[in-house]
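# Structural overview for review
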Amino acid sequence: MARSESSPASAPTSRSRRPGPPESRRADGLPAHWLLPEPPLAEAESLAQSAGLPLLIAQLMVQRGVRTPAEARAYFQPQMESLHDPYSMRGMAEAVARVRRAIEGPESILIYGDYDVDGVTAVTLLKTAIDMLGGRVRYHIPHRLRDGYGMQSQALEEAAAAGVRLVITVDNGIREYAAAAAARRLNLDLIITDHHLPSAQADGFDPGAPEEGEPLPALPPALAILNPNQPGCGYPCKHLCGAGVAFKLAQALLEERDRPRARGKILPSFLKLLAIASVADSVPLLGENRVLVSLGLTQLRQPASLGLRCLMETAGLDAAAKPITAEDLAFRIAPRINAAGRMDIASEVVELFGTRDPRRARELAGKLDRLNEERRQAEGSMLAEIEARLEQEPAWKSARCIVMEGEAWHRGILGILASRIVERMRAPAIVIAREGEQSYGSGRSIPGFHLLRAVESCRDLFTRFGGHEQAAGFCLPTARNAELRRRLEMWAAEHAPGTEPPVECHAWLPLDRITPSLLGWLRRMEPLGAGNTNPVFVARNACIDAPVRILKDRHVRMRLSQPGGAAFPALGWNWAARLRDLGLGENCAVHAAFRLRENRHPEFAGIELELVDLCPAEADRESSDAALLEGQRL
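Structural notes, computed from the coordinates. (Residues numbered from 1 in each chain as written. Predicted model: local features only at pLDDT ≥ 70, side-chain atom pairs only at ≥ 80, totals over all residues. Heavy atoms only, no water.)

## Side note on the pattern of salt bridges
Heads up, the rule is: A pair is scored as a salt bridge if a Lys or Arg side-chain nitrogen falls within 4 Å of a carboxyl oxygen belonging to Asp or Glu. Each residue is assigned to one of three classes by its accessible area relative to the maximum for its type, calculated with a 1.4 Å probe on protein chains only: buried under 20%, partly exposed between the two thresholds, exposed over 50%. Secondary structure counts use DSSP, requiring at least four H or I residues in a row for a helix and at least two E residues in a row for a strand, with both numbered from the N terminus.
All chains considered together, the criterion is met by 37 salt bridges. Note that R360 and E351 form a salt bridge whose closest N and O atoms lie 2.7 Å from each other. The partly exposed category is assigned to R360, whose relative accessible area is 22%. Given a relative accessible area of 31%, E351 falls into the partly exposed group. Residue E379 pairs with R375 through a salt bridge whose shortest N-O separation is 2.5 Å. With a gap of four residues between them, E379 and R375 both fall in helix α13 (residues 358–392), about one helical turn apart. For R375, a relative accessible area of 1% corresponds to the buried category. Through salt bridges with shared partners, one network takes in R557, R595, R597, E608 and E610.

Set out below in structure tokens:
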């Protein structure tokens, strides 16, 4: 789920949820919630020598599961040859055979999509592949407000009446029991391609049977199901996005027709949109996902699609001037695509990516830009109301799971608002829009809190629900909102992590070890994102050696130094209030958790630190980073 482009990339949480007890410390003086693993020195030294890597980079590689020179080459030099065999996905042979028969028929095929970035790109990719193979294909993308998420029986009835005999879902369907049963009654063959988690019974977590008395079957009835997360599927990459699963079906179909041409030309061109979907859906950027996104970013240097070029221009991206990054996809491209589904009709995105009319492409790209601005304005208004309530009602500060509702809030931006609450309150959050007797909710979570399981524990309250560990959505009768809040708070009290969410750190890094060469190696680790996070380093006993500058009343710029003369500027997104809470300012000693970045602004050009967390250094602690790093030849 991409965040608004108005938010700084990787911005850390700006304040604690509640004051709590005095901060506990580790033996090395760092806060207890800073998770800094023991460096895997033996494995890292072996990898550094065999693969020709700096020791610090080898240490980061080992943490990411890269342990051999071959794995290091695959990580730093992704190739199409690294893609997994699509037929290792359960159900692929049956799906390919049925689609091939429909193309040869010819039969009319319906692709049933979803309205977010993942869903519309999945529709575009699979439709393009079937079109190339000579198939007769149409698509349906539900309207977020009128239809809601997932398959609707009425749409299937209309498709059957129009002569459709094969329906393929993308990015949905794995929990659509009623719609799948309706497809069977209508004599529609159904292929489900999805990446969401199946029903809880499929993974051994059973919150209890629904009110009807019998648990739902693990999987809905279908001719074939393509989902790496379904029981019995041995596909190696379990974290493909929905477009990724649709791509694997397209890969199997195209390679069956002409493998050399598919591998050499067609499939690489598909990776541009797949990279956007993967980043937008926050899938782990390791293994096959890393290959897909890395190669997709390379393809984006020369986008052939007229619509995609127009969208990039509208977003202020010039691939000829500066390589496109995963951050650009998350904060510039994805919000504009998502705006269509949030504020209007997502099907126009598929039209944008398929049109060859320059005028229409510019028109549609401009519309997405306007819709994104409307989304930002609506978000700002609703967020101001939410922030006022958080300030005025003390009970929110002690809630383990924040469930906030409002009358006629715009359904399309509930997930964004939930993300904002999570950032501020450091707790899982669900935002609910009341619309008369029916309510609609969307939630986001924190590390260590499985939101779908929390929601699933209340499954008897919902009309519909679904999602995954970090995000979920649902609808339910408004009369049940209070009961939902009560039960989620009870569940969270038992399952939520501590009041201070962990800060995952990766390695010690004294300031005098920061060099342009190190920054260059970190760049080679891109694309960075979920699962392949931008490394967080720790420097102990640094000093804020200059006055702190406040930027736009929210952000801070300071300078950190350590003995020996090493000093770097540091930027803290949304850190103004946090710094005041901690009582930190010029001449204060701190331990710093930070990322490295290069600032290209003319006034601040050079390497700088992006603050993730700070804590006061204990005055009586004399140990230095050099002592902690003794024997670690970084």
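Back to the text.
## Brief notes about the packing of aromatic side chains
Heads up, the condition is: Only the six-membered ring of Trp is used, alongside the rings of Phe and Tyr, when aromatic pairs are assigned; centres must lie within 6.5 Å, and planes under 30 degrees apart are stacked while those over 60 apart are edge-to-face, with the rest tilted.
Enumeration over the complete set of coordinates arrives at six aromatic pairs. Pairing Y75 with F76 gives two aromatic rings, centres 5.0 Å apart and planes at 75°, and the pair type is edge-to-face. Across this residue pair, the class does not change: Y75 and F76 are buried. Ring plane angle 45° and centroid distance 6.2 Å describe the contact between F537 and F594, whose orientation is recorded as tilted. Pair noted here: F537 is in strand β14 (residues 537–544) and F594 is in strand β18 (residues 589–599), with a separation of 57 residues, a long-range link. Side by side, F537 and F594 carry an identical accessibility label, which is buried.

## Notes on the environment of F462
Defined as follows: The contact rule is simple, with two residues in contact once any of their heavy atoms fall within 4.5 Å.
Looking at the element boundaries, F462 is found in the loop between α15 (451–456) and β10 (464–467). Once residues lying within four places of it in the same chain are set aside, the contact partners of F462 are V455, F474, C475, L476, R480 and L484.

## Description of the sheet that holds β10
Note on sheets: strands pair through backbone hydrogen bonds, and any given pair is parallel or antiparallel. We apply this condition: If DSSP finds at least two bridges between two strands, the strands pair. Angles here are taken between N-to-C directions and fall from 0 to 180 degrees, while the axes themselves are lines fitted to C-alpha atoms, restricted in helices to the stretch in contact.
Ordered in space as β7-β8-β9-β11-β10, the five strands form an open sheet in which the pairing is mixed. Edge positions in the sheet fall to β7 (402–407) and β10, since each of these pairs with one other strand and no more. The mean inter-strand angle of the sheet, taken between neighbouring strand axes irrespective of direction, is 15°. In terms of strand pairing, strand β9 (residues 438–444) meets strand β11 (residues 471–477) through seven bridges, oriented antiparallel. Counted as the bridge partner of S439 is L476 from β11. Helix α14 (residues 414–425) contacts β7, β8 (429–435) and β9 of the sheet and is inclined by roughly 45° relative to β9.

## As for the sheet that holds strand β2 (residues 108–112)
Judged by pairing direction, the sheet is parallel, and its five strands sit side by side in the order β3-β2-β4-β5-β6 without closing on themselves. Looking at the sheet topology across the chains shown, the edges are occupied by β3 (136–140) and β6 (224–226). For this sheet the average axis-to-axis angle between neighbouring strands, irrespective of direction, equals 20°. Across five bridges, β2 lies against strand β4 (residues 164–170) in parallel orientation.

## Digging into the side chain of E107
The condition is simple: Between N or O atoms, a polar contact is any pair within 3.5 Å; within protein, one atom must be a potential hydrogen donor and the other a potential acceptor, and residues adjacent in sequence are included only when both atoms are from side chains.
Along the chain, the position of E107 falls in the loop between α4 (92–104) and β2. Assessed through its relative accessible area of 19%, E107 is described here as buried. Within the local environment of E107, its side chain forms a polar contact with the side chain of R98, the two groups lying 2.9 Å apart. The contacts of E107, once residues within four sequence positions are left out, are R98, R101, A102, R136 and R165.

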